[in-house]
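# Descriptive structure summary
Next come the chains, spelled out residue by residue.
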Amino acid sequence: MPETRARQQTAVFRRSLLGLAAVVCLVIFPSLAMPAETVHQVFFEGTDHQLDVYHVKGRTSGPTLMLMGGIQGDEPGGYLAADVYADISLKKGNLIVVPRANFLSILLNERAPAGDMNRKFALTGNPVDRDAAIVGIIKTLMRKSDFFLNLHDGSGFYSPEWEAPNRNPLRFGQSVIADAADYTRPDGTVFNMETMVQKVLEKVNPQISAPEHRFRFNNHRTMAPDTRHKDQRLSATFHALTQVGIPAFGIETSKDISDFGLRVRYQTLVVNAFLRECGIEVENPKICLEAPFLKFLIASINGQTPIVLNANDVLRVQQGDKLRMIHVEANYSRGLTARLKGSSPRLNDVNHDIVLTKGSTIEVRKDRFLMAGIPVEITRQAASSPRKGRLEPRVRYFCVKVNNKAQALEPGETLTILRGDVLTIVDPRTNLDARDEQGMKVDLRGFQAKSPDPLDDRGHAIDTANDLQKEYATITGDTLVFPLQAKLNKRVFAESTIAVAEAKLEYVVLGRSGDFPFVAYAGDKLELPRGCILTIMDVKTNASGETPLSITMAGRTVTWQKSGSAGIDSSKLDASEMPLDITRNGCSIGRIWLKQGPELRVTSGERRTQPPVLKVRYEGTVGK
């Protein structure tokens, strides 16, 4: 990649990111020494695949660790964690930080929009593949490093033994991956990879209170002929280890952990332990994670004096006006884009002129996360800067309760609940004055309120199994999607949607004394020999744990409470099939079929018969 495409600028970073109180990331004792220097290098500036590199130099010399995130854009825990280290200062040693190796992939929230970039490190340069130029730069940076860490989110939870469909040897989450336990370079230098990771995890795991979230060493044995992970021979860590000759590891937090802030905390715990293990000393106070929000967007119409747009503004222009977005100001300085929806194939329209021909929305994002949608309206009036007195009525967010738990959703957002949930609509947050607030109606299409106001659905406990009229819904598979509308003077001025999905049983974990637990999926058929007693160890559904489940068999119903609170006695069965139903709010959400037979056996819903011991089924995996 020619250096003429790069811009270098030196900056001294003295700031630390403020964070949510619930997210505590990295805490280091402060130093009175002067902050260290950071050199920011930019490749492909202003494009959808801009590559930012931060060279963090410590006050005293030491080893260099390269830290990379975002090579697969649907893994936010990795790139959000890597990004906070661009602001770090070091007492000893150096960092090379590449927070967003694949910015296009991040913007699209897709793993591999142009093919998997993390499978292109064994390939020679391809002039028509723009990933190849980025991979070439990453390889060059590796050669300036002594260690390499690649931050990811992975599927499920890694376990060396099969425990459950989402916790087994083919999962990646909550593990530190290496391509070998030990590696010997051609010059005879030996890297004890597993020993290094175990020292790191001795520091990390005591800081993680949830036992199921603690990290494990995951040896992919990538060079072995019988490895399950031959495709990893094309990856960044394998290239760094075998071609550059430096210790390289993948840090995987689990995609099953829905809280991105918690994923970032786990990533930083592991990175910090690696820094100490590598002899790199940190000196700035703390790094935390804060939810991104737009402060303002600066834009110009027809080259006139720039105006400042806030998240709740509406930009009114004339057809043919020329819009230029100049700057995005948010509580973050990196990963920011603004795009006029539908205007061009670009994903970032900042500093591009756009001729306006129809109404649209300016989408302002931090990485994949939408911070604001600013409507652009074509009017017959002369364009003017938006003022609060001229704002269109807006709903900032709708407020509802699901099974008495409060939730909020922004206009355009969809809230998915399960059939049988009790939904209550409460007052939305708007920009209306008191008079218009009194005249506003909130209508869930498909629900008919009887009193006190049949046109306003606020305050009613809506039984989503019985109170909704199907003809008002858009049907997608077995999900019914109902519009939730805010109206003023009979005009809809904001809309979200409520998706009512079917609650479903995924599987039941069963155990017999002296045997391994096994999984029976909805629709499976079990044969139990006489005298066999199975314990129900777990029930997995797509529902939250807040609504209790019941188990019904042979006319008897018990409430599912915890592992071992229910079981199956084959003496209650005969040669004919009997259903075991899992119910929620009185409705069956799935069943398995039981009968007596000569031996313990499960027949899957796909009619494949197999003994239900050990590794019953594996789900698909997503690798590092």
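A brief report on the enclosed structure follows. Keep in mind it's a predicted model, so treat the numbers as computed, not measured.

## Examining the sheet that holds strand β28 (residues 422–430)
Picture the strands of a sheet paired through backbone hydrogen bonds; they go either parallel or antiparallel. Read from one edge to the other, the open sheet built from 4 strands follows the order β26-β25-β28-β30, with strand pairing classed as antiparallel. Among the strands making up the open sheet, the edge pair consists of β26 (405–409) and β30 (461–463). Recorded for the sheet is a direction-independent mean angle of 30° between the axes of neighbouring strands. Relative to β26, strand β25 (residues 395–402) runs antiparallel, the two being bridged by 5 bridges. Paired with Lys401 across the two strands is Ala406, which belongs to β26.

## Brief notes about the pairing of β28
Across 6 bridges, β25 lies against β28 in antiparallel orientation. Looking at β28, one finds that Val402 is bridged to Leu423. One ladder, built from 3 bridges, connects β28 with β30; its direction is antiparallel. Residue pairing across strands places Leu423 opposite Ile462, the latter belonging to β30.

## Brief notes about the packing of aromatic side chains
For the structure shown, the criterion picks out 4 aromatic pairs. Between Phe215 and Tyr266, the aromatic rings sit 6.4 Å apart at their centres with planes inclined by 90°, giving edge-to-face as the arrangement. Placement of Phe215 in the loop between α4 (193–204) and β13 (216–219) and of Tyr266 in helix α6 (residues 260–277) is noted, with a sequence separation of 51 residues between them. A relative accessible area of 3% means that Phe215 is categorised as buried. The class for Tyr266 is buried, based on a relative accessible area of 4%. Here the basic side chain of Arg334 rests over the ring of Tyr54, its NZ or CZ set 5.3 Å away from the ring centre.

## Section: the nonpolar core
The biggest cluster of nonpolar side chains holds 53 residues, and the ones touching the most others in it are Leu65, Tyr85, Leu95, Leu149, Phe215, Phe249 and Phe274. Of the residues forming this core, the biggest block, 8 residues, is contributed by α6. Filtering out sequence-adjacent residues up to four positions away, Phe215 remains in contact with Gln174, Ser175, Val176, Leu201, Val204, Asn205, Ile208, Ile251, Glu252, Thr253, Tyr266 and Val270. Grouped together as the second largest cluster of nonpolar side chains are 29 residues, Phe518, Ile568, Leu573 and Ile592 included.

## With respect to the pattern of salt bridges
Tallied over the entire structure, the rule returns 32 salt bridges. A salt bridge links Lys366 to Asp83; the nearest nitrogen and oxygen atoms lie 4.0 Å apart. A residue pair is termed long-range when its members are at least 10 positions apart, and Lys366 in strand β23 (residues 360–366) and Asp83 in helix α1 (residues 76–84) qualify at 283 residues. A residue is classified by how much of its surface remains accessible, and Lys366, at 3% relative accessible area, is buried. For Asp83, a relative accessible area of 2% puts it in the buried group. Taken together, the shared-partner salt bridges in this structure form one network comprising Asp83, Asp87, Arg100, Arg334, Lys366 and Asp367.

Rules used throughout
- Residues numbered from 1 in each chain as written.
- Predicted model: local features only at pLDDT ≥ 70, side-chain atom pairs only at ≥ 80, totals over all residues.
- Heavy atoms only, no water.
- Pairing = 2+ DSSP bridges.
- Helix = DSSP H or I, 4+ residues; strand = E, 2+ residues; numbered from the N terminus.
- Axes fitted to C-alpha atoms, helices over the stretch in contact; angles between N-to-C directions.
- Phe/Tyr/Trp six-rings, centres within 6.5 Å; stacked < 30°, edge-to-face > 60°.
- Buried < 20%, exposed > 50% of the residue type's maximum accessible area, 1.4 Å probe, protein only.
- Lys NZ or Arg CZ within 6 Å of the ring centre and 35° of its normal.
- Core = buried A, V, L, I, M, F, W, Y, C linked by side-chain atoms within 4.5 Å.
- Contact = heavy atoms within 4.5 Å.
- Salt bridge = Lys/Arg side-chain N within 4 Å of Asp/Glu carboxyl O.

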